[in-house]
Amino acid sequence: RRQRQMCIRDRDSLRYDLCSIDFDPETGRFGDRVNCLYEASAKGKSVSFPRVSPDGRYLLFTQSDYGNFSIWHPESDLYLLELANGKIHELSSVNSKDVDSFHTWSSSGKWFVFSSKRLDGLWARPFFAHFNPTTGQASKPFLLPQKDPHFYETFTRTYNLPELVKAPVSDLSLIHISEPTRP
């Protein structure tokens, strides 16, 4: 019982840094050396969901106050690490006052999609941003347009993990699609 109380009490002090570990693709073995790329815990922060850009030049990640389930943290923002020089940039052109998290690169590396609760603080919706790999700059994001302009006002589902795909999804039984209902 004491162990459970300690775990619950200390949950907001759990923080993750951004690290890399050597890997040999020929043998499929990990090395022993761990390199800390960004010590978020020293700033009282936590890193989650690191995703390397398709060209291998950048790493996009989410930073929040603690833990790794950032969709529940209003302070969650997206950051960009330049892998060649280790510089980290907050994506201020992309981030909002509410949750910005769970991101995915397009296969070209010129776009990414992420979940954001910026509209109402309740439902995560898919926002898209253009990314310039030459400058490392992202554009102001936009919400995925729908046929019905009021779609997001009544759609009571959340886009926690948006993904970009290059081909149509052929087996629609894998996806649950529901139509919004109007009051």
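Above this text you will find the structure in question.
Residues numbered from 1 in each chain as written. Predicted model: local features only at pLDDT ≥ 70, side-chain atom pairs only at ≥ 80, totals over all residues. Heavy atoms only, no water.

Trainee: Could you clarify how one ought to interpret the overall build of the protein in this entry?
Mentor: What the protein contains, in helices and strands, is two helices and eleven strands. Of the regular secondary structure in the protein, the N- to C-terminal order runs α-β-β-β-β-β-β-β-β-β-β-β-α. Residue burial in the protein is summarised as follows: out of 183 residues, 32% are buried. Intrachain contacts of the protein at a sequence separation of at least 6 include 42% that bridge at least 24 residues. Accessible surface computed for the protein: about 12,100 Å², of which carbon and sulfur atoms make up 54%. (Helix = DSSP H or I, 4+ residues; strand = E, 2+ residues; numbered from the N terminus. Buried < 20%, exposed > 50% of the residue type's maximum accessible area, 1.4 Å probe, protein only. Contact = heavy atoms within 4.5 Å. Areas by Shrake-Rupley, 256 points an atom, 1.4 Å probe, with all protein chains shown as cover.)

Trainee: Quick question: what am I supposed to make of the pattern of salt bridges here?
Mentor: Oppositely charged side chains are able to pair whenever their charged atoms sit close together. Per the stated rule, a full pass over the model turns up six salt bridges. Across the salt bridge formed by lysine 45 and aspartate 65, the nearest N and O atoms sit 2.6 Å from each other. Here the residue lysine 45 occupies a position in the loop between strand 2 (29-38) and strand 3 (46-52), and aspartate 65 occupies one in the loop between strand 4 (58-64) and strand 5 (77-82), the gap between them amounting to 20 residues. The class of aspartate 65 is partly exposed, set by a relative accessible area of 28%. (Salt bridge = Lys/Arg side-chain N within 4 Å of Asp/Glu carboxyl O.)

Trainee: Which parts of the structure should I look at to understand the nonpolar core?
Mentor: Looking at soluble globular proteins, one finds that nonpolar side chains tend to be buried together. Ranked by internal contacts, the top residues of the largest apolar core, which has 13 residues, are Leu91, Val94 and Phe112. If you list the elements that add at least two residues to this core, you get strand 4, strand 5, strand 8 (111-116) and strand 9 (125-132). Broken down by element, this core gets its largest block of residues, three residues, from strand 9. Membership of the second largest hydrophobic core comes to eight residues, among which are Leu18, Ala40, Val47 and Leu59. (Core = buried A, V, L, I, M, F, W, Y, C linked by side-chain atoms within 4.5 Å.)

Trainee: Even after reading the chapter, I still don't get the sheet that holds strand 4, so can you show me in this structure?
Mentor: Strand pairing in a sheet is mediated by backbone hydrogen bonds. Such pairs are either parallel or antiparallel. Spatially, the four strands line up as an open sheet ordered 3-4-5-6, and their pairing is antiparallel. The strands lining the two open edges of the sheet, one partner per strand, are strand 3 and strand 6 (88-90). For this sheet, the mean inter-axis angle between neighbouring strands, taken without regard to orientation, is 30°. As paired strands, strand 3 and strand 4 are joined by five bridges and run antiparallel to one another. The residue of strand 4 that forms the bridge with arginine 51 is leucine 60. (Pairing = 2+ DSSP bridges. Axes fitted to C-alpha atoms, helices over the stretch in contact; angles between N-to-C directions.)

Trainee: Help me out: how do you make sense of the environment of leucine 144 in this one?
Mentor: Tracing the sequence through the fold places leucine 144 in the loop between strand 11 (142-143) and helix 2 (151-154). On the basis of relative accessible area, leucine 144 is assigned to the partly exposed category, the value being 31%. Linking leucine 144 and proline 126, residues 18 residues apart in sequence, is a C-alpha distance of 6.1 Å. Not counting residues within four places of it along the chain, the set of residues in contact with leucine 144 comprises Pro126, Phe128 and Tyr152.

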